[in-house]
Amino acid sequence: MARNTLSQSSNDYGNIVNALYDLWALTVGNRLTLQTLVEKIKDFYNARQAAIVIWDQANESFMQIGQLSNRIELQEALHNTGTNNSRVIAGNCYLFSLSSQFTKHKSAFLILELYHELSPQEIICTEKFAQHVALLVDKIDESSMIFNQVKSLYTIIEIDNVISLDENFESNLGNIIEKIKTAFNAEKGGVMLYNKSDETLILQKPGFGADQNAVEAYKVSLKEASNAANVFNTDIPLISNKCLGDNRILQKYVALFNAENLITVPLKTPEKTIGILHLANKREGLWTDNDLNLLQMMAIYLGSAIERANLLDQLNQNHREIKELYNNENKMVEELCRQKVLIDKQYSTLEWILSIQNQLMQSLLNNGGIREITEILSKRVCKSVIITDSHSQVVEMSLVCGEHNFVVENCIKGKKINTNKTVTINFGNKKLFITSFLVNFNSYNMSNFSILTLAEKYLEAHEINVIRQASVIFALEAIRQQNIIETEKRIKADFLEDLLFSSNLSNKNVLARAAYLNHNFNSPNILLILDIDNFSQMIEKEQLQEDVIFATKKRLALMAENRLKTYFPGNNFLIAEKSDTVLILLNHWSENFIEDLDKFASEIRDEVACLLKPLTVSVGVSNLCHKINDFRENYLATKKALEVNTCLGKTNCTVFQSQLGINDLYYDLFNQQKFRLFSLDFLGPLIKYDRKRKTTLLQTIEIYLKQLNYHQTASEMYCHVNTIRYRIKKAEELLKVNFDFEEDRSKVSLALNIQKFTKNN
């Protein structure tokens, strides 16, 4: 990061841009951590101390990164902050908010303990700097989440590797627990399995590193009130970062295993819940929601792994018993052979299942995508595999039975196939069986999709098992792709906002970021502004909640994005949400571009009016942007064109910046107090006369001045020409003008045009 501090240079904004450029560069390769970010900020400001504090929802407390002097009363300062963006805590110690409508943290702050007092200009610079620091904190969180997901994937692979035919169930389970403890940095861990005979949960050996007596003592009835029983019965996980005194947890076991903090999740197979998994005493920090999400995802796979380990243990036991029978009883030879064939078949099936899972996992780690995963699953199970979304629309398919794509799509189109159910369809002169498996995303806010298989007979048990476990791989790949898409959208939105709202951008910086985003600046660009008409009045009238407002703007952005992909395929546009508008930057690259743009604007307005009643939008279209400096200038001009349109009472329309014309002048005049007073004073007698006698003199002169013809005015107003002559004469008397004189006509026209803006505002 640049060593010029904010207090050492007069070019404050330039230093901030350079500092942010260096910080964003560190995000490549995940080299930027929260601790590094604090240290870089401290160096940049030449501060005595610096810290970032973030509200931890899971632990209901603030998390602090960095050091502060002991004299700083941090908790009191944070609770008294309210909605202030910046404030002085003590002396030269400043607090700045790191929250905005674009960040997920709603309670995060930057605290700087400086050697000098900040000027008002320096405080404004630091507030703008803090907005970008908030985005960097989100970026670090997203990178950490992806790293933890990948780490969990490797842990799943390691769990598969520890299961072998040469070890018993207890050894396998001990190795599995050790892998999970290492992955989550936990001191202790244990698995409790359900015993159907007496409806209890029993701690398996080894458990929590305790001796055999302690392990045997940990047996919980499902009928008693306890953490273990509650998680098993409800499938609702639990986090306790302070076990001692927590009434949800049996205190005798807290003392027995010296548990300080605890996370418990249900242990499931695709068919049922088989037990629970405990992790206790996290070595660093406290348990978080991110830990819970990853552990729940791992628990789905772990349940199947435990059953496989148990199956291997049972197979080994069977193998030993068969050997004993063979040695002792020759008459059991035939039975032994049968058992051997059965065991070999089971072993072969198990190897087949594991090989498919390893191949799918390898594809996931190599970023093969949903298409490759679908093809692998289809070829290995020798069945046609189709992925559909929550609306039963085909997302991906791999057909192996000779079916044609369009025939298959027509067969399943619109069918609501229940999860884990099989239905039959007629396909030519044969029947096909369709079985559906729902892909589970746990607590991620994503739309579900399903895996469908087409076969000429019912699926066998091992095939069902493979496809159910493959659904975990599909879920992980979908989550990974979603994270990549959201991150790319955020980077594009940040870039577009910098183009439009930052006044201190370098050409080199802009071109480098554009090249990274594959956006073309060699050809002209056009800016679109989708402005929700009268949004603030609508919010006040309808009393809309914040989550409804946020969802409405998100839906508008999504509608626009979908329409853009239809009208401008291959155009790598930029899109961002700002206040009550959606901003779009498009490359101008075809002969029919403006015509297509007009059609797009018309369709998006119709779609909003239909689907988001009572909202409507107006679409502003800028002039061509040839240079980097054009973007901000054309944005302001297009925004002004929309404001002029609003002042004229027009909504749900398309406004081109180039068509602003003389209304630009009238709008500027309207915004000056003396011109508004001139219009009101000059036309006042006429307006007062119309109101008192309910006449239309004002409308009459407005129409007359456009054509200066009594007969045409009478025709347009549906009255006799003599009536028009009388009205014009009366208006001249009230205004003290003569319409025969061009100077008087110009004066009246000016007052009428300014009055239009006054009427609508």
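Every value quoted in this text rests on a predicted model; they were computed, and no experiment measured them. (Residues numbered from 1 in each chain as written. Predicted model: local features only at pLDDT ≥ 70, side-chain atom pairs only at ≥ 80, totals over all residues. Heavy atoms only, no water.)

As a further point, take the environment of Ser 746. Secondary-structure assignment places Ser 746 in helix α24 (residues 742-760). Once the C-alpha coordinates of Ser 746 and Leu 705 are considered, the two residues, 41 residues apart in sequence, prove to be 9.3 Å apart. (Helix = DSSP H or I, 4+ residues; strand = E, 2+ residues; numbered from the N terminus.)

Aromatic ring pairs are described here by two measures, namely the spacing of the ring centres and the angle between the planes. A complete count under the given rule lists 10 aromatic pairs for this structure. Judged by centre distance (5.6 Å) and plane angle (35°), the ring pair of Phe 44 and Phe 129 falls under tilted. Highlighted residues: Phe 44 in helix α2 (residues 34-45) and Phe 129 in helix α4 (residues 120-162), separated in sequence by 85 residues. An angle of 65° between the planes, with centres 6.5 Å apart, marks the rings of Phe 568 and Phe 600 as edge-to-face. Taken together, the residues span a long stretch of sequence, with Phe 568 in the loop between α16 (546-567) and β18 (574-578) and Phe 600 in helix α17 (residues 593-611) at a distance of 32 residues. Residue Phe 568 shares its accessibility class with Phe 600, and that shared class is buried. The ring centre of Tyr 710 lies 4.7 Å from the NZ or CZ of Arg 725, which sits over that ring. (Phe/Tyr/Trp six-rings, centres within 6.5 Å; stacked < 30°, edge-to-face > 60°. Buried < 20%, exposed > 50% of the residue type's maximum accessible area, 1.4 Å probe, protein only. Lys NZ or Arg CZ within 6 Å of the ring centre and 35° of its normal.)

The subject of this paragraph is the sheet that holds strand β21 (residues 654-656). Pairing within the open sheet is mixed, and its 5 strands lie in the order β18-β19-β17-β20-β21. In the strand order of this sheet, the two ends are held by β18 and β21, each with one partner. Direction aside, neighbouring strands of the sheet carry axes that sit 20° apart on average. Both strand β20 (residues 617-621) and β21 contribute to a ladder of 3 bridges, which runs parallel. Along β21, the bridge assignment pairs Val 621 with Phe 656. Across the sheet, helix α13 (residues 461-501) lies against β17 (525-532), β18 and β19 (581-587), angled at about 75° from β18, the strand it touches most. Taken strand by strand, α17 contacts β17, β19, β20 and β21, and its axis lies near 165° from that of β20. (Pairing = 2+ DSSP bridges. Axes fitted to C-alpha atoms, helices over the stretch in contact; angles between N-to-C directions. Contact = heavy atoms within 4.5 Å.)

Per-residue pLDDT for the chain has a mean of 76; in total, 76% of the residues score no lower than 70. Note on residues 6-10: pLDDT is under 50 here. Beyond four places in sequence and across chains, it has 12 contacts. (pLDDT = per-residue confidence, 0-100.)

Between two packed helices, the angle of one axis relative to the other and the distance separating the axes together describe the packing. Viewed as axis vectors pointing N to C, α13 and helix α14 (residues 507-516) meet at an angle of 155°, and their least axial separation amounts to 11 Å. It follows from the interaxial angle that α13 and α14 lie roughly antiparallel. Crossing geometry of α13 relative to α14 is assigned as left-handed. Across from Asp 494, Phe 495, Asp 498 and Leu 499 in α13, the residues of α14 making contact are Val 510, Arg 513 and Ala 514. (Parallel < 35°, antiparallel > 145°, perpendicular 65-115°, else oblique. Left-handed = near helix turned anticlockwise from the far one by under 90°.)

Another aspect to go through is helix α11 (residues 369-381). A rise of 1.5 Å per residue sets the reference length of α11, with its 13 residues, at 18 Å; its end C-alpha atoms lie 19 Å apart and thus fit the reference within 8%. Listed in full, the buried residues belonging to α11 are Gly 369, Ile 370, Ile 373, Thr 374, Ile 376, Leu 377, Ser 378 and Val 381. Looking at the residues trailing α11, positive phi occurs at Cys 382, about 55°. (Expected span 1.5 Å × (residues − 1).)

Next up on the list: empty space enclosed by the protein. Scanning the model with the defined rule gives 3 cavities of 30 Å³ or more in all. In this structure, the largest cavity encloses a volume near 160 Å³. As for the largest cavity, its lining consists of 15 residues, and the residues nearest its centre are Tyr 218, Ile 249, Tyr 253, Leu 262 and His 278. At the level of elements, α7 (227-234), α8 (251-257) and β11 (273-282) are the ones that each hand at least two residues to the lining of the largest cavity. Taken together, the residues of the lining of the largest cavity sort by class into 12 nonpolar, 3 polar and no charged. (1 Å grid on protein atoms, 1.4 Å probe; cavity = no way out; pocket = protein on both sides within 12 Å on 5 of 7 lines; lining within 4 Å. Points joined across faces, edges and corners; volume = space filled by probe spheres on them. Nonpolar A, V, L, I, M, F, W, Y, C, P; charged D, E, K, R; others polar.)

Note on strand geometry: in a regular strand, side chains alternate between the two faces of the sheet. Taking burial as the measure, the 6 residues of strand β16 (residues 450-455) include 6 buried ones, the bulk of the element. Of the two faces of β16, the one carrying Ser 450, Leu 452 and Leu 454 and the one carrying Ile 451, Thr 453 and Ala 455 are both buried. As defined by bridge partners, strand β12 (residues 384-388) adjoins β16 across 5 bridges and the pair is classed as antiparallel. Bridge pairing in β16 places Ile 387 opposite Ile 451. Alignment of strand β15 (residues 430-438) against β16, held across 6 bridges, turns out to be antiparallel. Opposite Ile 434, over in β16, you have Leu 454 as the bridge partner.

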